[in-house]
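Here is what each chain is made of, one letter per residue.
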Amino acid sequence: MKILYLPEKLCYNKKTSRARLSTARLRDSLALHILGICTFLLYRNILHEGHFNLRRNIMNYGKKGVRKKQQALHSTTAKWGKKIGFTFIQICLLAIIGIGIVGVSAGIGVFKGVLASAPDMSNIDVTPTGFSTFVYDIENNQTAKLVSTNSNRIPVTIDMVPENLQHAFVAVEDARFYSHNGIDIKGIFRAAWIGLQNVAKGGRFTEGASTITQQLLKNNVFTDWTSEDSFADRLRRKIQEQYLALELEKVMDKDAILINYMNTINLGQNTLGVEAAS
């Protein structure tokens, strides 16, 4: 029997080749495992975060799928509903603003028209007219007093009227007569507040805020105020009264206004002015 002895170099080469083959297989196996693990982690991460959901590519007609589609439709409808509602509110606000601008412009135009139709200040005379006529004999004794309609009046000057009587008229008719410029703003607000309270209780709006200056104009300039039938006529006259009151106080002092008022006022039974009533 012959024993063959292989060269030492040949035996070493075979062992090295086997070792290298085993190492390559192990490396390939590990690479495949690592690739599989990475693929699994990547797929799970994508599904979890929702960046690219592969399930969406699958036609899902189950209850969950239908419910999700319905929710998506409702969400879109709600968004459109909110947009339409917001647009509608914007249109309403613009319409209200437009109506307000038109209303204010129309009001200013009407107000200017009312003022333009007021009597001319240069042609106004607030001195009362219509006086009593006295008949005297040759010895200067009064024998008769002739009075016609709206003429039972005896004019006096301011120095002929007691100061206490002047103060009494001012206190009752126009407490802020010496401080306002023809119209009493505080009196207007007070009258409006009390009048609204009366209306709320079922009564009538009876409060007034006319100053002595306004009353003088009403009695001697707007003499047809008793024939006013509508609220529009009264409002028109009130606006003109206030305008002319402001203008009158620019050209006439308080004493002149007061004495003309005291000579004009009707104190009952066709008694006109304080001298006729005294």
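Per chain, residues are indexed from 1 in the order of the written sequence. Reporting of local features is limited, given that this is a predicted model, to residues whose pLDDT is at least 70; pairs of side-chain atoms are given and counted only at 80 or more, and all residues count toward the totals for whole chains, interfaces and linings. Values shown for side chains rest on all heavy atoms present in the structure; no hydrogens or waters enter the calculation.

This part covers the packing of helix H5 (residues 212-220) against helix H7 (residues 254-264). For any two helices packed against each other, one specifies the crossing angle of their axes together with the interaxial distance. Comment: axis = line fitted to C-alpha atoms, over the contacting stretch for helices; angle = value between 0 and 180 degrees taken between N-to-C directions. Each helix is a run of H or I in the DSSP string that is no shorter than four residues. Each strand is a run of E no shorter than two, and both are numbered from the N terminus. Close contact between H5 and H7 brings their axes to 9 Å; oriented N to C, the two are set at 50°. Classed by the angle they form, the pair H5 and H7 counts as oblique. Pair H5 / H7 crosses with left-handed handedness. Across the interface between the two elements, Ile-212, Thr-213, Gln-215, Leu-216, Asn-219 and Asn-220 of H5 pack against Ile-257, Leu-258, Asn-260, Tyr-261 and Thr-264 of H7. Broken down by class, the residue content of the contact of H5 with H7 amounts to five nonpolar, six polar and no charged. Convention used here: angles under 35 degrees read as roughly parallel, angles over 145 as roughly antiparallel, angles from 65 to 115 as roughly perpendicular, and any remaining angle as oblique. Each crossing gets its hand from how the near helix is turned against the far one by less than a right angle, where anticlockwise is left-handed and clockwise is right-handed. The contact rule is simple, with two residues in contact once any of their heavy atoms fall within 4.5 Å. Each residue gets one label: Ala, Val, Leu, Ile, Met, Phe, Trp, Tyr, Cys and Pro are nonpolar, Asp, Glu, Lys and Arg are charged, and the others, such as Gly, are polar.

Comment: phi is negative for the bulk of residues other than glycine, and the bulk of peptide bonds are trans. Positive phi values are uncommon outside glycine, yet Asn-140 reaches one of about 70°. Mapping Asn-140 onto the fold places it in the loop between strand E1 (133-136) and strand E2 (142-146). Note on Asn-140: relative accessible area 60%, which makes it exposed. Accessible area is worked out with a 1.4 Å probe on protein chains only. A residue is then buried under 20% of its type maximum, exposed over 50%, and partly exposed in between.

A separate point is the environment of Leu-216. Looking at the secondary structure, you find Leu-216 in helix H5. Since its relative accessible area comes to 0%, Leu-216 is described here as buried. Residues Leu-216 and Pro-128, spaced 88 residues apart in sequence, show a C-alpha to C-alpha distance of 9.0 Å. Apart from residues lying up to four places away in sequence, Leu-216 is in contact with Val-126, Val-221, Leu-248, Ile-257, Asn-260, Tyr-261 and Thr-264.

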